[in-house]
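Chain residues, written in single-letter form:
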Amino acid sequence: MIRTENLTKVYRMGEVEVQALRDVNLEIQDGEFIAIIGPSGSGKSTLLNMIGCLDKPTSGAVLIDDINTGKLSENELAEIRREKIGFIFQQFNLIHTLNALENVALPIFFAGVRREKRLKRAEEQLVKVGLEDRIYHKPSEMSGGEQQRVAIARALSNDPEIVIGDEPTGNVDTEAGNAIMDILEGLNREGRTIIVVTHDADIAARAGRTKRMRDGKVLD
Amino acid sequence: MKDAFLLVYRNIKERKTRSILTMLGIVVGIAAVIAIMSISYGMQESITEQLSEMADIIMVTPGSVELGSFGDFGSLNERDLKDVERIQGVKEAAAMIGEIEEVEYRGEMFMMQIIGIDPRDMDAVFGETVKLEEDSGSETGASGRELRENDHKVCEIGYSIARDYFDDEIGVNDRLTINGSKFRVVGVLEKQGGFRSGVDSQIYVTKRDAVNILDTADISTIFVRVRDIGEAEEIAAEIEERIDDNHKLDDFTSAMAMGGAIEDLESIFGILQVFLLAIASISLIVASLGIMNTTLMSVMERTHEIGVMKAIGAKNRNILFLFLMEAGLVSVVGGVLGCIVGIVAAKAISFGIVAIFGVEIAAIVRPEVLLGGIAVAVLVGILSGLYPARKASKMSPVEAVRYE
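This is a predicted model, so every value here is computed, not measured.

Points about the environment of Lys13(B)
Residues and elements named next belong to chain B.
Right, so step 1: The residue Lys 13 is located in helix α1 (residues 2–14) in this model.
Right, so step 2: Take Lys 13: its relative accessible area is 47%, and that puts it in the partly exposed class.
Right, so step 3: Taking the C-alpha atoms as reference points, Lys 13 and Val 28, 15 residues apart in sequence, are found 21 Å from one another.

Structure (structure tokens):
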């Protein structure tokens, strides 16, 4: 279970302080599929970064399985990101010098798994997202939808409980977006917690629960 | 490890020109060190090889060494020679009479150093090292013969005198005029060069002839060979004491043990070597700055990528390792190439020295120097990569991901 307690994040942009999150209290159950919607600047991405252990709160806390992530060291946070969380970005963010297989294998590499086992696991993930014929393709040789599926395979490579998507369909066409949502639904059926930020109402409608954000607050 | 290597290799390849330029810095630095080391080992060996044949020699000359030995410091005499021969530990002592005289050959005239010596003492002075020139045409395989005890008005000449001084080459049985007297050449000596290049322009006659034509019986140098090189310094001191006593003067003579000179020369050489290495190291420092700069740029350019890697679970040390490896790889390859270039350069320099100065100096490439060179390259690479790599590893994942 993921829980935020009075989660507040303040950024400093030069002289100006920006309140990205204000006292956010949110509970996400294991196995839930939740969509967070809201206009840009509402704090959706910041909330995802907090839950995804990419950033630390200014005050309040994020608890994942009752562990307060604010109290963990950088290394421990990296381990949570590696083992428990799979992150999918709007811009795919694949490493462009590596092919699909190597990109997917990268998180497993950071986990220190032996090469043969690592490549086998990476290949399985690519098959799972339907890219068995794109294994040795570089990102530049694939369509946006395909790249995003590689990114999903990468997010899944260490078998995480939580999959986080920051506008995962924001950079692909509708058809590819639907394919991506199909995959995410499938992952949810496997029992994984799915958290997606979007401003596409059709996408949000496919989630089990929708939360709306505005001005750094979660609306009821 | 293989994937890390691949990742790093592709990043390097992507910035080929920059990586090659950075690498060149290391190549030049390491090559300079290798070439300098190899040539100086070669010099050292050629010097010690030439000198070690003289290690058991003590050279006794009038006057102190500091002021030079062929001035008007008086001269040694037969009594000095007898006394030196009687000193314990002295194997042989040979007296030489030396003067500069006019030498004429087929109408040309030069001033040459004439050395008068007992033929039986030739070996004591020259040992095994100075031989007659080879001549496959003659029965003995050598150019003429050595001086003999009963020889009258004959001489052995150095290589340069035979070949270089006069327009016409001088061969065995040719006749020279030394200070007005005709001498027949009986032997031509092999080319010496290096430390013994003096021999190449000397004319050797019997002591008896020397006394006649030079009009002096004064001994200019006594060559002493000792039985035990370890005692050379003590024997030299004793020689000085005896001869000074004979002449009732302090510091009348100087006896120099060549063994000591070798040690002096070697320590001078050591200093020279350190100095040259210090200069070569400057290029390594410059190379190190190059690596640091390239790695820093690489870190900046890949900020976004670093953020992504962190987001998908890379720990700080994973990132540190990748960038250290990048810097390390460039410098290892640079180091290996530097070794190759260094060896080639050393050989070329050695060849050049032979061609220009006629002195044989081999390029001695020692495996430990090569290994050391590569080790230094790796060390330079890792040390200069450390700061950029740490910078990369400490980046905040959110900010890095957001960076485009």
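Quick look at the sheet that holds strand β6 (residues 85–88) of chain A
Residue and element names in this part refer to chain A.
Right, so step 1: The six strands lie next to each other as β6-β7-β8-β3-β9-β10, forming an open sheet whose pairing is mixed. In this open sheet, the two strands that pair with only one neighbour each are β6 and β10 (217–219). Here the average twist between neighbouring strands, direction ignored, is 20 degrees.
Right, so step 2: Where strand β3 (residues 33–37) meets strand β9 (residues 209–214), four bridges bridge the pair, whose relative direction is parallel. Counterpart to Ile 36 in the pairing with β9 is Lys 211.

Examining the sheet that holds strand β4 (residues 59–64) of chain A
Residue and element names in this part refer to chain A.
Right, so step 1: The four strands lie next to each other as β2-β1-β4-β5, forming an open sheet whose pairing is antiparallel. Every other strand in the sheet has two partners, leaving β2 (16–28) and β5 (67–68) as the edge strands with one partner each.
Right, so step 2: Relative to β4, strand β1 (residues 2–13) runs antiparallel, the two sharing five bridges. Following the sheet pairing, Thr 4 is matched in β4 by Val 62.

Considerations on the packing of aromatic side chains
Right, so step 1: Under the definition given, this model contains six aromatic pairs over all chains.
Right, so step 2: On the basis of an interplanar angle of 80 degrees and a centroid distance of 5.1 Å, the ring pair of Phe110(B) and Phe166(B) is categorised as edge-to-face. One end of the pair, Phe110(B), is in strand β3 (residues 108–117); the other, Phe166(B), is in the loop between α5 (159–165) and β5 (175–178), with 56 residues separating them in the sequence.
Right, so step 3: Among the aromatic residues, those joined into a ring-pair cluster are Tyr105(B), Phe110(B), Tyr165(B) and Phe166(B).
Right, so step 4: One cation-aromatic arrangement involves Arg366(B) over Tyr41(B); the distance from NZ or CZ to the ring centre is 3.7 Å.
Right, so step 5: Positioned above the aromatic ring of Tyr11(A) is the side chain of Arg402(B), whose terminal nitrogen or guanidinium carbon lies 5.5 Å from the ring centre.

Thoughts on the environment of Asn178(A)
Residue and element names in this part refer to chain A.
Right, so step 1: You can see Asn 178 is positioned in helix α6 (residues 174–189).
Right, so step 2: Each C-alpha atom, one on Asn 178 and one on Phe 87, is 18 Å from the other, the two residues being 91 residues apart in sequence.
Right, so step 3: In this structure the side chain of Asn 178 is engaged in a polar contact, spanning 3.3 Å, whose partner is the side chain of Arg 206.

Things to note about the interface of chain A and chain B
Right, so step 1: The interface is formed by 26 residues belonging to chain A together with 25 residues belonging to chain B.
Right, so step 2: Counting the surface lost from both chain A and chain B, the interface buries some 2,500 Å², and carbon and sulfur atoms represent 58% of this.
Right, so step 3: Inspection of the region where chain A meets chain B yields two salt bridges.
Right, so step 4: Its salt-bridge partner being Glu79(A), residue Lys315(B) comes within 2.4 Å of it at the nearest N-O pair.
Right, so step 5: The interface formed by chain A and chain B contains seven residue pairs in polar contact (both at pLDDT 80 or more).
Right, so step 6: It is helix α2 (residues 74–83) of chain A that contributes the most residues to the side of chain A that touches chain B, six residues altogether.
Right, so step 7: Taken together, the residues of the side of chain A that touches chain B break down into ten nonpolar, six polar and ten charged.

Examining the domain arrangement of chain B
Right, so step 1: Considered domain by domain, chain B is made up of domain 1 (2–51 + 263–402) and domain 2 (95–223).
Right, so step 2: The centre of domain 1 of chain B, based on its C-alpha atoms, is set 54 Å off from the matching centre of domain 2 of chain B.

Side note on the nonpolar core
All names here are of chain A.
Right, so step 1: Membership of the largest hydrophobic core comes to 38 residues, with the highest contact counts inside it found for Leu 126, Val 150, Ile 152, Leu 184 and Leu 187.
Right, so step 2: At the level of elements, β3, α3 (100–110), α4 (115–128), α5 (144–156), α6, β8 (193–198) and α7 (201–205) are the ones that each hand at least two residues to this core.
Right, so step 3: Core analysis: the next-biggest nonpolar cluster, separate from the first, contains 31 residues, Val 24, Ile 34, Ile 64 and Leu 77 among them.

Some points on empty space enclosed by the protein
Residue and element names in this part refer to chain B.
Right, so step 1: Enumeration according to the criterion identifies five cavities of 30 Å³ or more in this entry.
Right, so step 2: Computed from the structure, the largest cavity encloses a volume of approximately 110 Å³.
Right, so step 3: Per-element tally for the lining of the largest cavity: the top contributor is helix α9 (residues 258–301), with four residues.
Right, so step 4: Split into classes, the residues belonging to the lining of the largest cavity amount to four nonpolar, six polar and three charged.

Parameters at a glance
Residues numbered from 1 in each chain as written. Chains lettered and ligands numbered in written order. Predicted model: local features only at pLDDT ≥ 70, side-chain atom pairs only at ≥ 80, totals over all residues. Heavy atoms only, no water. Helix = DSSP H or I, 4+ residues; strand = E, 2+ residues; numbered from the N terminus. Buried < 20%, exposed > 50% of the residue type's maximum accessible area, 1.4 Å probe, protein only. Pairing = 2+ DSSP bridges. Axes fitted to C-alpha atoms, helices over the stretch in contact; angles between N-to-C directions. Phe/Tyr/Trp six-rings, centres within 6.5 Å; stacked < 30°, edge-to-face > 60°. Lys NZ or Arg CZ within 6 Å of the ring centre and 35° of its normal. Polar contact = N/O pair within 3.5 Å; in protein donor to acceptor, adjacent residues only side chain to side chain. Contact = heavy atoms within 4.5 Å. Buried area = accessible area lost by both parts, 1.4 Å probe. Salt bridge = Lys/Arg side-chain N within 4 Å of Asp/Glu carboxyl O. Nonpolar A, V, L, I, M, F, W, Y, C, P; charged D, E, K, R; others polar. Domains from an automatic or database assignment. Core = buried A, V, L, I, M, F, W, Y, C linked by side-chain atoms within 4.5 Å. 1 Å grid on protein atoms, 1.4 Å probe; cavity = no way out; pocket = protein on both sides within 12 Å on 5 of 7 lines; lining within 4 Å. Points joined across faces, edges and corners; volume = space filled by probe spheres on them.

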